[in-house]
Amino acid sequence: MEIESQPEAGATTAVNRDFMVIHLNGLVQTDDRMALKEIMRQLSREGESELYEANTTFSDSLPSLLSFLKSGTRAQLPILFILDEFDLFAQHTKQSLLYNLFDIAQSAEWPIAVIGLTCRLDALELLEKRVKSRFSHRHYYTFPPTGFHDFREICQNTLMLSETDLQEPGQDKEVSMDMIYKEQFIEDFNHKVLELFEDAGFSKVLQRIFDLMKDVRTFYRLCFGPVCELDRDTPFLQPKQFYDSGMQQRVDHKTELLKGISLLELSLLIAIKHLVEREIVTFNFEMVYDEYKDFMDMAVVRGPTSSLGVSSGGAITTSENVSLRLYKKAVALKAFEHLVEAELLRATESVGKGPKEHRMMR
């Protein structure tokens with residue numbers, strides 16, 4: 001079965017978790033070997049097998065895992081394989097993992113289901129013929145929330161805590177000595193989250209995200225800073241943290257980079273802009289320095305006590321009280337290298353053994 005959806009439309013949440021769930025992600029398990037190792041780790045954690053400790057090589061692990069899954073009975077707890085970023089698994093060499101999982105789901109006595117989650121509508125076309133023959137061809141489509149109330153509820157549930165969030169792996173709930181304190185903290189934390197979503201300023205931030213893109217991932221990025229700031233002294237989320245996080249995300253990072261550069265480096269960037277406007281998209285330091293000398297001569301003619309700038313049309317502008325000078329080539333080369341280190345410029349090809357002055361940039 002395959003679930004296709006737009007990013008963060010709730011495909012993962014839509015999967016019922018009343019099963020033994022083996023969760024894989026194509027962004028994390030980038031090849032079949034890593035995916036197989038993760039399957040054995042999660043099965044061992046659930047107490048179903050000791051394969052994770054028993055095998056170390058891929059060639060030994062795959063037959064052992066297949067034999068183990070095929071030996072189960074219908075009386076056992078069903079296994080649900082959830083493959084996030086399913087299209088990335090389809091790009092693995094030979095698609096061995098998908099073929100074997102689909103084959104086991106059809107032939108094994110043990111109740112097994114494989115669910116792929118993807119944003120690509122053409123994911124099925126990525127499958128090889130032999131893999132496609134094992135696929136059930138069931139598709140379910142999910143869509144992002146269309147109403148602000150639903151979007152708000154999804155965001156709110158994201159921040160709410162449950163008992164399993166504070167339970168350590170392998171710890172029995174009944175024998176936990178401080179479970180009563182954890183339950184009280186969960187209740188207090190969730191109450192603060194409800195208060196947060198009632199805050200008028202926070203609601204405006206949430207409404208702005210919904211109006212612009214309706215993407216829950218944008219809200220996740222907004223939460224990253226406030227959640228990382230939680231500690232023993234400040235255990236609850238505050239509206240001000242989200243205001244500050246929202247302001248930081250609206251900052252133009254390129255503008256922030258330019259605040260820390262020198263006048264010479266800014267002059268070189270203006271020279272590069274002039275080259276680009278003449279459709280010279282690749283350049284080296286010699287070309288930039290020649291252009292720098294030309295417009296510095298123009299600026300000096302306009303006045304000896306003016307600072308250099310550039311208008312939206314590319315024309316040179318000046319302002320008073322800042323002296324201008326033409327720097328030597330060696331000094332300008334150091335400034336040019338600093339722009340490369342700051343990743344404002346990048347090489348067009350791998351760095352060779354040629355002189356620094358003649359390496360092409362863009």
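All of these numbers come straight from a predicted model, not from anything done at the bench.

Points about the environment of Tyr141
Right, on to step 1. With respect to the element layout, Tyr141 can be found in strand β5 (residues 139-142).
Right, on to step 2. Judged by relative accessible area, which is 47%, Tyr141 ranks as partly exposed.
Right, on to step 3. Linking Tyr141 and Leu121, residues 20 residues apart in sequence, is a C-alpha distance of 9.4 Å.

A closer look at the environment of Glu349
Right, on to step 1. Tracing the backbone through its elements, the reader meets Glu349 in the segment after α16 (329-341).
Right, on to step 2. Among the residues examined, Glu349 registers a relative accessible area of 61% and is labelled exposed.
Right, on to step 3. Placed 13 residues apart in sequence, Glu349 and Arg362 show a C-alpha to C-alpha distance of 10.0 Å.

Some points on helix α8 (residues 148-159)
Right, on to step 1. With twelve residues, α8 should cover 16 Å at 1.5 Å per step; its first-to-last C-alpha distance of 17 Å lies within 8% of that length.
Right, on to step 2. Within α8 the residues assigned to the buried category are Phe151, Arg152, Cys155, Gln156 and Leu159. For α8, the arc enclosing every buried residue in end-on projection is 135°, short of the 170-degree limit, so these residues lie on one face.

Structural notes on the confidence of the model for the protein chain
Right, on to step 1. For the protein chain, mean pLDDT is 81; residues scoring 70 or higher make up 80% of the total.
Right, on to step 2. When the criterion is pLDDT under 50, residues 304-308 qualifies, and its contacts beyond four places in sequence or with other chains add up to 26 contacts.
Right, on to step 3. Note that residues 310-320 has pLDDT below 50 and, in this model, 30 contacts with residues that lie over four places away or in other chains.

Regarding the side chain of Asp32
Right, on to step 1. Note on placement: Asp32 falls in helix α2 (residues 32-45).
Right, on to step 2. Arg130 provides the closest opposite charge to the buried, salt-bridge-free Asp32, at an N-O distance of 7.5 Å.
Right, on to step 3. Within the local environment of Asp32, its side chain forms a polar contact with the backbone nitrogen of Ser96, the two atoms lying 3.4 Å apart.

Looking at the packing of helix α9 (residues 179-198) against helix α10 (residues 200-212)
Right, on to step 1. Packing of α9 against α10 brings their axes to within 5 Å, and their N-to-C directions diverge by 75°. With respect to their mutual orientation, α9 and α10 come out roughly perpendicular. Mapping the contact onto sequence places Leu196, Phe197 and Glu198 in α9 and Ala200, Phe202, Ser203 and Leu206 in α10.
Right, on to step 2. Here the contact of α9 with α10 is composed, by residue class, of five nonpolar, one polar and one charged.

Remarks on the packing of helix α14 (residues 263-277) against α16
Right, on to step 1. The interhelical angle for the contact between α14 and α16, taken along N-to-C directions, is 75°, at an axis separation of 9 Å. If you check the angle between α14 and α16, you find them roughly perpendicular. Contact with α14, carried on its side by Leu264, Glu265, Leu268, Leu269 and Ile272, involves Val331, Ala332, Ala335, Phe336, His338 and Leu339 of α16 and no other residues of that element.
Right, on to step 2. Residue composition of the contact of α14 with α16, grouped by class: nine nonpolar, one polar and one charged.

So, how was this worked out
- Residues numbered from 1 in each chain as written.
- Predicted model: local features only at pLDDT ≥ 70, side-chain atom pairs only at ≥ 80, totals over all residues.
- Heavy atoms only, no water.
- Helix = DSSP H or I, 4+ residues; strand = E, 2+ residues; numbered from the N terminus.
- Buried < 20%, exposed > 50% of the residue type's maximum accessible area, 1.4 Å probe, protein only.
- Expected span 1.5 Å × (residues − 1).
- Arc of directions from axis to C-beta.
- pLDDT = per-residue confidence, 0-100.
- Contact = heavy atoms within 4.5 Å.
- Lys, Arg positive; Asp, Glu negative; His and termini not counted.
- Salt bridge = Lys/Arg side-chain N within 4 Å of Asp/Glu carboxyl O.
- Polar contact = N/O pair within 3.5 Å; in protein donor to acceptor, adjacent residues only side chain to side chain.
- Axes fitted to C-alpha atoms, helices over the stretch in contact; angles between N-to-C directions.
- Parallel < 35°, antiparallel > 145°, perpendicular 65-115°, else oblique.
- Nonpolar A, V, L, I, M, F, W, Y, C, P; charged D, E, K, R; others polar.

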